[in-house]
Amino acid sequence: MYSLVANTRISLRLPILIVIALVVMLGASSTLYYTLFRADIQTRVEELARSSAAQAQASFSRWLEAMHRAAADLAQGTLAPPAMQAFTQAVTLQAPGWLDDIRAAYDGTATASMARPAYDAVHEQFHGFLTRHRDLFGYQDLLLITPSGDVIYSIEKGGNFGVSLASDDFADAPLTRIWREAMASPAPRNIGSDVEISTTGSAEAAVFIARRMVDRDNPEAPALGVIVIRLSFAAAEAALGAATGLGPEDIVYLLGADGRLRSTLSLDSDLALLDPLPDLTQISAARNAETRFFPDTPGLGGASVDAAVHSFEARGFPMSVVVELNHAAHYAALNDFVQRAAIFIVLCTVASLGIGYLVARSITRPLNAFAHSMTRIADEDFTSPVIGTERHDEIGGLSRALASFRDQLLQARKSRAAQEAAREEQSQVVVNLVGRAGDTLTMIIERVGNIDTLIGTIATGAREQSAGLNEINIGVSQLDQVTQQNAAMVEEVTAASTTLRHESEALDQRIGQFRTAAHGQIAPDTGRSVASRDSDAAELPEPLETTEFVLPAVPVDTTDAWRAELADSDTEADTDDMLGVAANSGRWHDF
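Definitions and limits used
- For every chain, the first residue of the written sequence is number 1, and numbering continues from 1 along that sequence.
- Given that this is a predicted model, residues contribute local features only at a pLDDT of at least 70 and side-chain atom pairs are listed and counted only at 80 or more, while totals for whole chains, interfaces and linings are drawn from all residues.
- Working from all heavy atoms in the structure, the side-chain values ignore hydrogens and water.
- A run of DSSP states H or I qualifies as a helix once it reaches four residues; a run of E qualifies as a strand once it reaches two. Both are numbered from the N-terminal end.
- Each residue's exposure class comes from its accessible area (1.4 Å probe, protein chains only) as a fraction of the maximum for that residue type: buried when under 20%, exposed when over 50%, partly exposed otherwise.
- We call two residues contacting when some pair of their heavy atoms lies within 4.5 Å.
- By definition here, a salt bridge exists when the distance from a side-chain nitrogen of Lys or Arg to a carboxyl oxygen of Asp or Glu is within 4 Å.
- Note on pairing: DSSP must find at least two bridges between two strands before they are called paired.
- Lines fitted to C-alpha atoms define the axes, with helix axes restricted to the stretch in contact, and inter-axis angles between N-to-C directions lie between 0 and 180 degrees.
- Side-chain rings of Phe, Tyr and Trp (the six-membered ring for Trp) are treated as a pair once their centres are within 6.5 Å; stacked means planes under 30 degrees apart, edge-to-face means over 60, and tilted covers the remaining angles.
- Think of it as a cone above the ring: NZ of Lys or CZ of Arg counts as a charge over the ring if it is within 6 Å of the ring centre and within 35 degrees of the ring normal.
- For every residue, the predictor assigns a confidence score, pLDDT, that lies between 0 and 100.
- For classification, angles of less than 35 degrees are called roughly parallel, those exceeding 145 degrees roughly antiparallel, those between 65 and 115 degrees roughly perpendicular, and all remaining angles oblique.
- Definitions for this section: a left-handed crossing has its near helix turned counterclockwise from the far helix by less than a right angle. A right-handed crossing has that turn clockwise.
- By the convention adopted, Pro, Cys, Tyr, Trp, Phe, Met, Ile, Leu, Val and Ala count as nonpolar, Lys, Arg, Asp and Glu as charged, and the other residues, Gly among them, as polar.
- To estimate how far a helix should reach, multiply one less than its number of residues by 1.5 Å.
- The term nonpolar core refers to a set of buried residues drawn from Ala, Val, Leu, Ile, Met, Phe, Trp, Tyr and Cys, joined through side-chain atoms within 4.5 Å.
- In this count, Lys and Arg are taken as positive residues and Asp and Glu as negative ones, while His and the chain termini are left out.
- Two N or O atoms count as a polar contact when they lie within 3.5 Å, although within protein this holds only if one can serve as hydrogen donor and the other as acceptor, and sequence-adjacent residues are included solely when both atoms are side-chain atoms.

## Here's the deal with the overall build of the protein
For the protein, the helix and strand inventory stands at 14 helices and 13 strands. Sorting the 591 residues of the protein into buried and exposed places 34% on the buried side. By sequence separation, contacts in the protein at least 24 residues apart represent 55% of the contacts at least 6 residues apart.

Next comes the structure, spelled out in structure tokens:
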């Protein structure tokens, strides 16, 4: 990929690189801004969801406490106890079956039929005050129940009016349960119920708060009865919806510990109070009494929501407020940013293409002119001007460098022509020198021939000398034979000389015994004189003539080994033997 881009023409590559760089820069900055913006929206949405859930819980708790205070005020005030006493006295005057008569008389219309004059009079006396109290505090209904369990008054005259809670038919009804708890309480206190299906009238969900009433003037007297207020789900929903910052698509609802609805929903749904809900993450958290936030999770309506769960305890009942913020509505700004960023990137890409084309054109045009000038110079056109030398940018520097290079090439061309002329002249000189060298080589060849002739003559003389040397060698061999003969003769002479010396010594010893008259010496044994010995010597025969011969050059033993051997000899015979050895070994010169 890189090689493909690198080998693309600059007019295409430069706009593409500008677009890529701009898109990468815009993409990186947009991604960074998107990430920061999304994180900011997430933080704000989470804060809104958590704060809305906390506000809804606080508002609901305040509303519930207000309902409990209203019930307590009624039970301890100056309206409900007198009304309870008056209605009790009125019904005691009625004949048996009065509950059915009262229920039939009013039949939910809350208008006096005057069928029971005593009851109707009391009803007309207190009904208006009790209705205004209900409207003031926002609960749904108010019931007065006798200690025996008879519901003798109801503002709305609904299904709970005119029934006896002591009967077996209503033994398990929520209203019956809280009536009994209120009556069994050691001291008057509020008894509340969870949202339950009422079985004393129409089968609908209801929440009650009951409190036992006593006579303020005689607290030790038996209880007057029980006052019960039925809470309004509309008021509860209004309390839950008191959280600020919620949009029209956001919902707030109340869940019990069983994960069922404890309030109505503001969205279009088939879900009703106490209906089982789908197993969603926020529903599971409510069942576990957790307080958590769940971003981008499915909601009750099926759309993606950011849900916050706030668990608390309402008068002993575990409750959880769940706030579901419509994800798309709260992230609309982020989606709008994404769309705007995409449009902006597209526009910037188109603009960068145009800018890149113009920039590339401003570069490629002078580069093409520069390349054209280089082509003319490569074709050895040194006279055409170089385009772009007047520019002050890098291309102008290149053009000026090219113009200088052209001038140098022109100068080099002239120098080359001069060198060619000089080379021609040198070639002629070389040709002449080669001719003279040829003549010289011819003369050398002739002289080498003469030398060869002389060498042949020398070889002939050497062969003749070799023949002469062979003859000389033969003569030397003959001379060696003669020398060997002479050596044999020398050995014989040596032997004869040795014998003669011995005899001379013996003779000299004998002569020494005599003394001559002239010297007056007499030898000790013969008495002969020296003179006589001289005369004897004079009478010896003449020495034999010897033939002269040339002794060969024999290596001379310069050592005196044989002399040392002679000196060590003890006898005369040893000396003779050594002389013989010297003569026989060829050391004639030592002898």
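So much for the structure itself; the text now carries on.
## Remarks on the pattern of salt bridges
With the rule as written, the count across this model stands at 14 salt bridges. Of the charged contacts in the structure, one is a salt bridge between R260 and D258, with a shortest N-O distance of 3.9 Å. Assessed through its relative accessible area of 31%, R260 is described here as partly exposed. The closest approach of N and O atoms between E420 and R423, which form a salt bridge, is 2.8 Å. Placement of the pair is E420 and R423 together in helix α11 (residues 394–511), with a separation of three residues, close to one helical turn. Classification of E420 by relative accessible area gives partly exposed; the value is 38%. Three or more residues are tied together by salt bridges with common partners; here these are D194, D258, R260 and R262.

## Focus: the sheet that holds strand β8 (residues 251–256)
A sheet is described by the order of its strands in space; here four strands give the open sequence β8-β11-β10-β9, paired in antiparallel fashion. Edge strands, defined here as strands with exactly one partner in the open sheet, are β8 and β9 (292–298). The average angle at which neighbouring strand axes cross in this sheet is 25°, direction not considered. Judged from the ten bridges that link them, strand β10 (residues 304–314) and strand β11 (residues 317–326) form a sheet pairing that is antiparallel. Across the sheet, residue H310 finds its bridge partner in β11, namely V321.

## What to know about the packing of aromatic side chains
This model, assessed by the stated rule, comprises eight aromatic pairs. Considering the side-chain rings of F60 and W63, the 5.6 Å spacing of their centres and the 40° angle between planes classify their relative orientation as tilted. In this pair, F60 and W63 both sit in helix α2 (residues 10–76), three residues apart, roughly one turn of the helix. Here the aromatic cluster, defined as three or more aromatic residues joined through ring pairs, consists of F87, Y119, F126 and Y153. Cation over ring: K157 sits above F161, and NZ or CZ is 5.5 Å from the ring centre.

## Observations concerning the confidence of the model for the protein
With 81% of its residues at a pLDDT of at least 70, the protein reaches an overall mean of 79. In this model, residues 110–114 is a region of pLDDT below 50 whose contacts with residues beyond four sequence positions or in other chains number eleven contacts. Confidence drops under pLDDT 50 across residues 585–591; counting only partners more than four residues distant or on other chains, this segment forms 17 contacts.

## Considerations on the sheet that holds strand β2 (residues 151–154)
In a beta sheet, neighbouring strands are held together by backbone hydrogen bonds and run either parallel or antiparallel to one another. Taken together, the five strands give an open sheet; going across it, the order is β2-β1-β7-β6-β3, and neighbouring strands pair in antiparallel fashion. What marks the edges here is a single partner per strand, and that holds for β2 and β3 (191–192). Two elements, strand β6 (residues 208–213) and strand β7 (residues 225–230), share six bridges in a ladder whose sense is antiparallel. Directly across from R212, in β7, lies its bridge partner V226. Contacts from helix α5 (residues 117–137) reach β1 (141–145) and β2 within the one sheet, and its direction differs from that of β2 by about 50°. Where helix α6 (residues 174–184) meets the sheet, its contacts fall on β1, β3, β6 and β7, and the angle it forms with β6 comes to roughly 30°.

## Overview of the packing of helix α10 (residues 332–378) against α11
The interhelical angle for the contact between α10 and α11, taken along N-to-C directions, is 5°, at an axis separation of 11 Å. Here α11 runs roughly parallel to α10, going by the angle between their axes. Taking contact as the criterion, the partners of I363, P366, L367, F370, S373, M374 and I377 in α10 are, on α11, I395, L398, S399, L402, R406 and L409.

## What to know about the pairing of β9
Judged from the five bridges that link them, β9 and β10 form a sheet pairing that is antiparallel. Across the sheet, residue P298 finds its bridge partner in β10, namely S304. Hairpin remark: β9 followed by β10, antiparallel, with five residues in the connecting loop; positive phi at G302, about 95°.

## Side note on the packing of helix α3 (residues 80–92) against α5
Interaxial distance between α3 and α5 falls to 8 Å at its minimum, and their mutual angle equals 165°. Classified by the angle between their axes, α3 and α5 sit roughly antiparallel to one another. When the axes of α3 and α5 are compared, the crossing they make is left-handed. Of α5, the residues touching α3 (which contributes P82, A83, A86, F87, A90 and V91) are A118, Y119, V122, H123 and F126. Of the residues contributing to the contact of α3 with α5, the split by class is ten nonpolar, one polar and no charged.

## Things to note about α10
Taking 1.5 Å per residue, 47 residues should reach 69 Å; α10 reaches 66 Å between its end C-alpha atoms and fits that length. E380 lies just past α10 and shows a positive phi near 65°.

## Structural notes on unusual backbone geometry
Residues other than glycine seldom take positive phi values, yet D296 does so here, at roughly 50°. As for its placement among the helices and strands, D296 is situated in strand β9.

## Some words on the pairing of β7
Burial analysis of β7 places six of its six residues in the buried class, which makes it a mostly covered element. Across the two faces of β7 the burial is the same, with G225, I227 and I229 and V226, V228 and R230 all buried. As defined by bridge partners, β1 adjoins β7 across five bridges and the pair is classed as antiparallel. Its bridge partner being in β7, L143 is matched across the sheet by V228.

## A few points about the side chain of H133
Assignment of secondary structure puts H133 in helix α5. Judged by relative accessible area, which is 14%, H133 ranks as buried.

## Some remarks on the nonpolar core
In this structure, L142 and L144 are the most contacted members of the largest nonpolar core, which totals 67 residues. Take this core: its biggest share by element is 14 residues, from α2. Beyond its immediate stretch of four places on either side in the chain, L144 contacts A83, M84, F87, D150, V151, I152, Y153, M213, V226 and I227. In this structure, A173, W179, F208 and V228 belong to the second largest nonpolar core, which totals 17 residues.

## Regarding the side chain of R212
Its location among the elements puts R212 in strand β6. Buried within the structure, R212 lacks any salt-bridge partner; E220 is the closest side chain of opposite charge, at an N-O distance of 9.3 Å. Looking at R212, its side chain comes within polar contact range of the main-chain oxygen of M183, at 3.3 Å. In this structure the side chain of R212 is engaged in a polar contact, spanning 3.3 Å, whose partner is the backbone oxygen of P186. Not counting the four nearest positions on each side in its chain, R212 is found in contact with A75, A182, M183, S185, P186, A187, P188, A223, G225 and V226.

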